[in-house]
Amino acid sequence: MDKAPSLIVCEHCDTVYQRQPLARGEVARCAVCDAVLERHQWLGVDAQFALVLTGLIVFVIANVSPIVSLSLSGMTADTTLWGAVIAMWNDGAQIVAVLTALTLFFFPLAQILMHGWVLWFARSGLRAPGFRQAMSALVRVKPWSMIEVFMLGVLVSVVKAHTYFDVVPGAGIWAFGVLTVLVTVFASHDPRNLWDVTREIRT
């Protein structure tokens with residue numbers, strides 16, 4: 001019995017195409033609305049899981065280590081991400097503090113954990129419990145993870161603060177830098193291929 005052709009549907013205009021193999025670096029686009037249909041998947045499931053695990057370790061380091069240390073006249077002060085969030089809350093900027101906590105901690109952590117959950121099972125060719133909900137949530141959470149925006153803001157602040165203080169980058173800022181690279185790698189990879197390489201768990 002011949003295998004049914006693999007189809008792909010444009011999520012913007014619902015045009016249906018027959019999936020074609022892509023070479024490294026190639027991107028398939030919809031002929032109707034020019035939306036991205038699929039990218040070449042250059043990372044296997046095991047490699048993706050390794051990156052997620054690395055991202056989780058770096059994420060923990062970034063959140064428990066000082067971001068920068070400021071020195072002036074022999075006095076030194078440093079802070080972590082959560083120290084900055086608490087300071088903003090105490091200074092009356094509760095909305096900014098909540099947005100910072102959500103976009104730099106809770107949303108990225110949720111993205112890492114959900115991705116790790118589905119990939120843990122995908123390594124065996126299976127779909128994790130709650131696979132559909134996790135895949136849908138990954139799409140919704142992704143735009144709210146703004147680590148790269150935070151990194152750019154910190155770099156600008158460090159340059160300006162260096163005029164008045166002795167600024168020493170802490171382990172946290174380096175960890176956020178590595179995390180930014182990992183986020184960029186994840187952003188270039190389409191997790192939708194997990195639908196094709198996994199199957200439902202039979203009970």
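Rules behind the numbers
Residues numbered from 1 in each chain as written. Predicted model: local features only at pLDDT ≥ 70, side-chain atom pairs only at ≥ 80, totals over all residues. Heavy atoms only, no water. Axes fitted to C-alpha atoms, helices over the stretch in contact; angles between N-to-C directions. Helix = DSSP H or I, 4+ residues; strand = E, 2+ residues; numbered from the N terminus. Left-handed = near helix turned anticlockwise from the far one by under 90°. Contact = heavy atoms within 4.5 Å. Nonpolar A, V, L, I, M, F, W, Y, C, P; charged D, E, K, R; others polar. Patch = residues over 30% accessible without salt bridge, like charges linked within 9 Å, V, L, I, M, F, W, Y side chains within 5 Å. Areas by Shrake-Rupley, 256 points an atom, 1.4 Å probe, with all protein chains shown as cover. Salt bridge = Lys/Arg side-chain N within 4 Å of Asp/Glu carboxyl O. Buried < 20%, exposed > 50% of the residue type's maximum accessible area, 1.4 Å probe, protein only. Disulfide = S-S within 2.5 Å. Parallel < 35°, antiparallel > 145°, perpendicular 65-115°, else oblique. Phe/Tyr/Trp six-rings, centres within 6.5 Å; stacked < 30°, edge-to-face > 60°. Lys NZ or Arg CZ within 6 Å of the ring centre and 35° of its normal. Core = buried A, V, L, I, M, F, W, Y, C linked by side-chain atoms within 4.5 Å.

Q: Where do I start with the packing of helix α3 (residues 94–122) against helix α4 (residues 131–141) in this structure?
A: When two helices pack together, their arrangement is given by the angle between the helix axes and by the axis-to-axis distance. α4 packs onto α3 with a crossing angle of 145° between their chain directions and a minimal axis gap of 10 Å. Considering the relative orientation of α3 and α4, their crossing is left-handed. For the pair α3 and α4, the contacting residues are F107, Q111, M114, H115 and V118 in the first and F131, A134, A137, L138 and V141 in the second. Grouping the amino acids of the contact of α3 with α4 by side-chain chemistry returns eight nonpolar, two polar and no charged.

Q: Looking at this model, I keep getting lost on a nonpolar patch on the surface. Mind explaining?
A: Where nonpolar side chains cluster on the molecular surface, the patch consists of W89, I95, V98, L99, L102 and F106 and spans about 580 Å² of accessible area. With five residues, the single largest contributor to the nonpolar patch is α3. With respect to the secondary-structure elements, F106 resides in helix α3. Overall, F106 belongs to the partly exposed group, its relative accessible area being 42%.

Q: Help me understand the state of the cysteines in this model?
A: Here a disulfide denotes one covalent bond, and it connects the sulfur atoms of two cysteines. What the rule picks out here adds up to zero disulfides. Note on C10: no disulfide assigned, nearest cysteine sulfur contributed by C33 at a separation of 3.5 Å. The cysteine C30 is free of any disulfide, with C13 supplying the nearest cysteine sulfur at 3.5 Å.

Q: Would you mind showing me how to read the packing of helix α1 (residues 45–64) against α3 here?
A: Their axes nearest at 9 Å, the elements α1 and α3 cross at an angle of 150°. In terms of orientation, α1 and α3 fall into the roughly antiparallel class. When the axes of α1 and α3 are compared, the crossing they make is left-handed. Residue-level contacts link V45, Q48, F49, V52, G55, L56, F59 and N63 of α1 to L104, F105, P108, L109, I112, L113, H115, G116, L119, W120 and A122 of α3.

Q: Help me understand the packing of aromatic side chains in this model?
A: Any two aromatic rings considered together are summarised by their centre-to-centre distance and by the angle between their planes. In total, this model carries six aromatic pairs according to the counting rule given. An angle of 75° between the planes, with centres 5.1 Å apart, marks the rings of W82 and F105 as edge-to-face. You can see W82 sitting in helix α2 (residues 81–90) and its partner F105 sitting in helix α3, a full 23 residues away along the chain. A connected cluster of aromatic rings, assembled from ring pairs, spans F59, W82, F105 and F106. Above the plane of the ring of F49 lies R123, whose end atom (NZ or CZ) is 5.0 Å from the centre.

Q: Hey, could you run me through unusual backbone geometry in this one?
A: Excluding glycine, a negative phi dihedral is what most residues carry, and trans is how most peptide bonds are arranged. The phi dihedral of D34 falls on the positive side, at around 65°, and the residue is not glycine. When you line up the elements, D34 lands in the loop between β3 (27–29) and β4 (36–39).

Q: What exactly am I supposed to notice about the environment of L81 here?
A: In this fold, L81 is placed in helix α2. As a C-alpha pair, L81 and F105 span 24 residues in sequence and 8.9 Å in three-dimensional space.

Q: Just to check I follow, could you spell out the pattern of salt bridges for this structure?
A: Any two side chains of opposite charge can pair, so long as their charged atoms come close to each other. Here the structure, examined in full by the defined rule, presents one salt bridge. A salt bridge links D46 to R123; its shortest N-O distance comes to 3.3 Å. Of the two residues, D46 is situated in helix α1 and R123 in the loop between α3 and α4; the sequence distance between them amounts to 77 residues. The class of R123 is partly exposed, set by a relative accessible area of 43%.

Q: How should the nonpolar core be read in this particular structure?
A: Counting residues in each nonpolar core, the largest one holds 32 residues, and the members touching the most others are L81, V118, L119, F176, L179 and L194. For this core, the secondary structure elements donating two or more residues are α1, α2, α3, α4 and α6 (171–187). Looking at this core, the element that brings in the most residues is α3, giving nine residues. Within the second largest apolar cluster, six residues are counted, among which are I8, C10, C30 and L37.

On their own, these measurements won't tell you what the molecule is for.
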